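The lines below spell out each chain.
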Amino acid sequence: MEIQKVMVIGAGQMGAGIAQVCAMNGYDVMLHDLKEEYVEKGLKGIRKQLQRQVEKDRISETDMERFMRQIHSSTRLSNAEEADIVIEAALENMEIKKNIFAQLDEFAPSHAILATNTSSLPITEIAAETKRPEKVIGMHFMNPVPVMKLVEVIRGLATSDETFNTVKSMSESLKKTPVEVNDFPGFVSNRILMPMINEAIYTVFEGVATPEDVDEVMKLGMNHPMGPLTLADFIGLDTCLYIMETLHEGFGDDKYRPCPLLRKYVKAGWLGKKSGRGFYNYS
């Protein structure tokens, strides 16, 4: 199946990034959110990102305007009737995603693939809300989407080979590297990354080292480009907690138990960079 028209659900940082890379690689894109103001905010963010590319002489002003014309606003989910693929990048909440997919199943044409950008939730459970589980798949982009090359392509229990191959080809057309993953909690990226971040938080919680020193060890000793606590602040500590809880519940293994200090920071509203304070102060 050839994909020409893409609908992205959610105009936040991830959704806007997905819409941007799709537009930059020749796809006609609908950027959807609940309110026009949310979509406009997403479009402004895309224009800002593209303007930086212009300033660095990576693209021309003409390119930027052409890419922006490729992206159209949507506030009606029924617009999915025009899409060949819908990529959902809404809040990381199972009930919200189930509700969206049940509606998309009604609106999207029978040939359309329904993909979710979830970072940890079960694809099979989301697919069960539809009458086309063979056309439901995970398409987990990394943040920031325009920069990061990886896409985890996650097969649900019923995902067909045709759906997988179409999404793999599309990922490659976006100049990304798709990696095939099966449907387990956290997939590969977060199953490995989040316990490392959680363990780094435990070292601070237990007084082993300061956040600065933990990050320095991982950068200088393990050649990581960014320390785990800086990365946690960048991801959002609430998101880290949610994924650890998903892993803990999904596997039933105490090695995935979220650190009490992580819970305390989230309850305090110290969510990382987006709130101005996490393991580091951004004010």
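Here is what the cut-offs are and how they apply
- Along each chain, the written sequence defines residue order, and numbers are assigned to residues from 1.
- A pLDDT threshold of at least 70 governs which residues receive local features in this predicted model, and a stricter bar of 80 or more applies before side-chain atom pairs are shown or counted, although totals over entire chains, interfaces and linings include all residues.
- Excluded from the side-chain calculation are hydrogens and water; included are all heavy atoms of the structure.
- UniProt positions are given in the numbering used here, feature names are shortened, and annotations may be inferred rather than shown by experiment.
- What counts as a helix is a DSSP run of H or I of at least four residues, what counts as a strand is a run of E of at least two, and both are numbered from the N terminus.
- What counts as a salt bridge is simple: a side-chain nitrogen of Lys or Arg found within 4 Å of a carboxyl oxygen of Asp or Glu.
- By definition in these notes, contact holds between two residues if any of their heavy atoms fall within 4.5 Å.

Taking an unreviewed UniProt entry as the reference, the chain is identified by name as 3-hydroxybutyryl-CoA dehydrogenase belonging to Salipaludibacillus aurantiacus. In UniProt, the chain has this text filed under Pathway (unreviewed entry): "Lipid metabolism; butanoate metabolism."

Draft legend 1. Representation of the UniProt feature "domain: 3-hydroxyacyl-CoA dehydrogenase NAD binding" (unreviewed entry) in the chain. The positions that UniProt labels "domain: 3-hydroxyacyl-CoA dehydrogenase NAD binding" (unreviewed entry) are, in the present scheme, residues 5–183. Here residues 5–183 is 41% helix and 22% strand, with 26 Å between the C-alpha atoms at its ends.

Draft legend 2. Spatial organisation of the pattern of salt bridges. Summed over the entire model, instances satisfying the criterion amount to 14 salt bridges. Of the charged contacts, one joins Arg263 and Glu245 as a salt bridge, the two residues approaching to 2.8 Å between their closest N and O atoms. Of the two residues, Arg263 sits in helix H11 (residues 260–267) while Glu245 sits in helix H10 (residues 237–251), which places them 18 residues apart along the sequence. Connected through salt bridges with shared partners, the residues Lys5, Asp28 and Glu82 form a single ionic network.

Draft legend 3. View of the UniProt feature "binding site: NAD(+)" (unreviewed entry) in the chain. Under the local residue numbering, the UniProt record ascribes the feature "binding site: NAD(+)" (unreviewed entry) to Gly10, Ala11, Gly12, Gln13, Met14, Gly15, Asp33, Glu92, Lys97, Ser119, Asn143 and Lys274. Of the residues just listed, which span 265 residues, the most distant C-alpha pair is 23.1 Å apart, and they do not cluster in one region. Within the element layout of this structure, Asn143 appears in the loop between strand E6 (136–141) and strand E7 (150–155). Dropping the residues within four chain positions of it, Asn143 is found in contact with Gln13, Met14, Met148 and Phe234. Among the secondary structure elements, Lys274 is positioned in the segment after H11.

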